[in-house]
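# Summary of structural features
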Amino acid sequence: MREIQMVDLKAQYEKFGPEIDNAIKSVLVSTAFIKGPDVKLFEQELQEFMGVKNVVSCANGTDALQLALRVLDLKPGDEVITTDFTFIATIEVVALLGLKPVIVDPDPGSFNISVEAIKRAITLKTKAIVPVHLFGQCADMEGIMELAKKHDLFVVEDAAQATGADYIFKNGIVKKAGTIGHIGTTSFFPSKNLGCYGDGGALYTNDESWANKLRSIANHGMKLRYHYDDIGVNSRLDTLQAAILRVKLKYLNEFNEARREAADHYNKAFAYCSSISVPERVKYSSHIFHQYTIKVKDGKRDALKKFLETKNIPSMVYYPGPLHLQNAYSFLGYSGNDFPVTTSLCNEVLSLPMHPEMDKEQLDYITNSILEFFNK
Ligand SMILES: *Cc1c(COP(=O)(O)O)cnc(C)c1O
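The model shown is predicted, which means the values in this text are computed figures rather than measured ones. (Residues numbered from 1 in each chain as written. Predicted model: local features only at pLDDT ≥ 70, side-chain atom pairs only at ≥ 80, totals over all residues. Heavy atoms only, no water.)

All right, on to the sheet that holds strand 8 (residues 183–187) then. In space, the 7 strands of this open sheet follow the order 1-9-8-5-4-2-3, with mixed pairing throughout. Each edge of the open sheet is held by one strand with a lone partner, namely strand 1 (54–58) and strand 3 (100–104). Strand-to-strand, the axes of this sheet are offset by a mean angle of 25 degrees, without reference to chain direction. Pairing analysis gives 2 bridges linking strand 4 (residues 126–130) to strand 5 (residues 154–158), with the strands arranged parallel. When the bridges of strand 5 are listed, Ala128 appears paired with Phe154. (Pairing = 2+ DSSP bridges. Helix = DSSP H or I, 4+ residues; strand = E, 2+ residues; numbered from the N terminus. Axes fitted to C-alpha atoms, helices over the stretch in contact; angles between N-to-C directions.)

The subject of this paragraph is the sheet that holds strand 11 (residues 292–296). A sheet is described by the order of its strands in space; here 3 strands give the open sequence 10-11-12, paired in antiparallel fashion. Because the sheet does not close on itself, it has two edges, and the strands there are strand 10 (276–277) and strand 12 (349–352). Note: strand 10 against strand 11, 2 bridges, orientation antiparallel. Within strand 11, the residue paired with Ser277 across the bridge is Lys295. The strands touched by helix 11 (residues 340–348) within the sheet are strand 11 and strand 12, with strand 12 carrying the most contacts at an inclination of about 50 degrees. (Contact = heavy atoms within 4.5 Å.)

What follows covers the pairing of strand 8. Each regular strand displays side chains that alternate between the two surfaces of the sheet. Among the 5 residues in strand 8, 5 count as buried, and that is most of the element. A two-sided burial pattern is seen for strand 8, the buried positions comprising Ile183, Thr185 and Ser187 on one face and Gly184 and Thr186 on the other. Here strand 5 pairs with strand 8 via 3 bridges, running parallel. Counterpart to Val156 in the pairing with strand 8 is Ile183. (Buried < 20%, exposed > 50% of the residue type's maximum accessible area, 1.4 Å probe, protein only.)

The immediate surroundings of the ligand are formed by 15 residues, with Gly61, Thr62, Asp158, Ser187 and Lys192 found nearest. Asp158 places a polar side-chain atom, nitrogen or oxygen, 2.7 Å from a nitrogen atom of the ligand. Protein chains shield 92% of the accessible area of the ligand, which is 380 Å² for the free molecule. Looking at the shell around the ligand, the elements with two or more residues in it are helix 3 (61–71) and helix 4 (89–96). (Near = heavy atom within 4 Å. Polar contact = N/O pair within 3.5 Å; in protein donor to acceptor, adjacent residues only side chain to side chain. Areas by Shrake-Rupley, 256 points an atom, 1.4 Å probe, with all protein chains shown as cover.)

So, on to the domain arrangement of the chain. Taken domain by domain, the chain holds domain 1 (9–104 + 111–249) and domain 2 (252–375). A straight line from the C-alpha centre of domain 1 to that of domain 2 covers 25 Å. In this assembly, 40 residues from domain 1 lie in contact with 36 residues from domain 2. Roughly 3300 Å² is buried in total at the junction of domain 1 and domain 2, and carbon and sulfur atoms are behind 62% of that figure. The largest per-residue losses of area from domain 1 upon contact with domain 2 belong to Phe135, Gln137 and Asn193, which jointly make up 22% of the total buried on that side. Seen at the junction of domain 1 and domain 2, the total is 1 salt bridge. In this structure, Glu357 engages Lys15 in a salt bridge whose closest nitrogen and oxygen atoms are separated by 3.4 Å. Inspection of the domain 1/domain 2 interface yields 22 residue pairs in polar contact (both at pLDDT 80 or more). Looking at side-chain class alone, the side of domain 1 that touches domain 2 contains 23 nonpolar, 10 polar and 7 charged residues. (Domains from an automatic or database assignment. Buried area = accessible area lost by both parts, 1.4 Å probe. Salt bridge = Lys/Arg side-chain N within 4 Å of Asp/Glu carboxyl O. Nonpolar A, V, L, I, M, F, W, Y, C, P; charged D, E, K, R; others polar.)

What follows is about unusual backbone geometry. Comment: phi is negative for the bulk of residues other than glycine, and the bulk of peptide bonds are trans. The peptide bond linking Tyr318 to Tyr319 adopts the cis configuration, its omega dihedral lying at 5 degrees. Checked against the element boundaries, Tyr319 lands in the loop between helix 10 (301–310) and helix 11. One non-glycine residue with positive phi stands out, namely Asp152, at about 60 degrees. Secondary-structure assignment places Asp152 in the loop between helix 6 (141–151) and strand 5. For Asp152, a relative accessible area of 71% corresponds to the exposed category.

The next thing to look at is the state of the cysteines. Applying the stated criterion to the full structure yields 0 disulfides. Here Cys138 stays free of any disulfide, with the sulfur of Cys58 as its closest cysteine sulfur at 20 Å. Residue classification places Cys138 among the buried positions, given a relative accessible area of 0%. (Disulfide = S-S within 2.5 Å.)

On to the packing of aromatic side chains. A full pass over the atoms with the stated rule returns 21 aromatic pairs. Seen in terms of ring centroids, Phe111 and Phe135 are 5.4 Å apart; in terms of plane orientation they differ by 75 degrees. Their pairing is edge-to-face. Of this pair, Phe111 sits in the loop between strand 3 and helix 5 (115–121) while Phe135 sits in the loop between strand 4 and helix 6, and the two are 24 residues apart along the sequence. What makes Phe111 buried here is its relative accessible area of 5%. A relative accessible area of 2% means that Phe135 is categorised as buried. Judged by centre distance (5.2 Å) and plane angle (65 degrees), the ring pair of Tyr334 and Phe339 falls under edge-to-face. Exposure remark for Tyr334: the relative accessible area of 23% places this residue in the partly exposed category. A connected cluster of aromatic rings, assembled from ring pairs, spans Phe85, Phe111, Phe135, Tyr318 and Tyr319. When the ring centre of Phe49 is taken as reference, the NZ or CZ atom of Lys176 above it lies at 5.1 Å. (Phe/Tyr/Trp six-rings, centres within 6.5 Å; stacked < 30°, edge-to-face > 60°. Lys NZ or Arg CZ within 6 Å of the ring centre and 35° of its normal.)

If you want it as structure tokens, here you go:
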């Protein structure tokens, strides 16, 4: 059996290595390393895939979030509501820009930001909501957009973990995760569902003027060459990464389908194991399983993780600590009991190996080992 990895980028490279090598080689030969033709072509191909009018590429997913919040022209002290249960980048950019992060609990089943909790956190100073489509399943965007409309708020979707996931509206309309709010952001970090071979990111918006401004800010605030209308940053997607992403985008649906099949395999195996909750599926979203995250009951999570290590099965805790208790954010003044849902999730969640290259032998070995742990 092939050694089990959380994400097996090596196995993936073995699948389409020559195609990737050719893409890289052609950039090397062209020497158009910055803003080469592949960048524009990748943006156009991703626009088509996402069904959105504008894709603006940038250097990473954290920059994408920062650029999105910059373009909304928020003022210092304006409040931005986001979830306690996410990767640090989501709240980091809010604080970096001098805005006030307002943290709320997620829903314990879907892991995504709770619409009820957002409702309770809205004040006169609230200007934006940043939902995260965690682990590959969309947050309740219809509920969030309704609140945003009522209170005149911007919505920036952090879709870093959900490239390719579908949101299904009550009326049957389907849109891609990241294209429903005012601006969506994503990351091409290597382990993401659509990952490059280094750092990369992008923004989605249907608004032409925001797209233009985002392009300008991401490139030193430059509109015409050497004329600067905004204070910008240097945040560009390398041509090499764009060329790699053009190859991988062609396989994204296939990869996401393979992840779903692996998830089905896990679900079936755990169906009668009362010590485990399998990931909840909501009716308004497809799931592309960026992570397959179970909840382990009765305080046995850490013991299970250790047991799996003895079997050479990696697993990860995403996320081990709530954001509101991180030292860097103590200035926000939250205390230990403020977000009970996140706190209990941090003690129960365990993400199992999940990637498109998992085979039946590996999946059986993992599920049998887990069932063995609980039957001991
Ligand atoms: C990965 C990730 C980011 C940041 O992306 P980088 O490209 O690593 O900067 C932001 N938000 C979420 C939810 C992520 O998973």
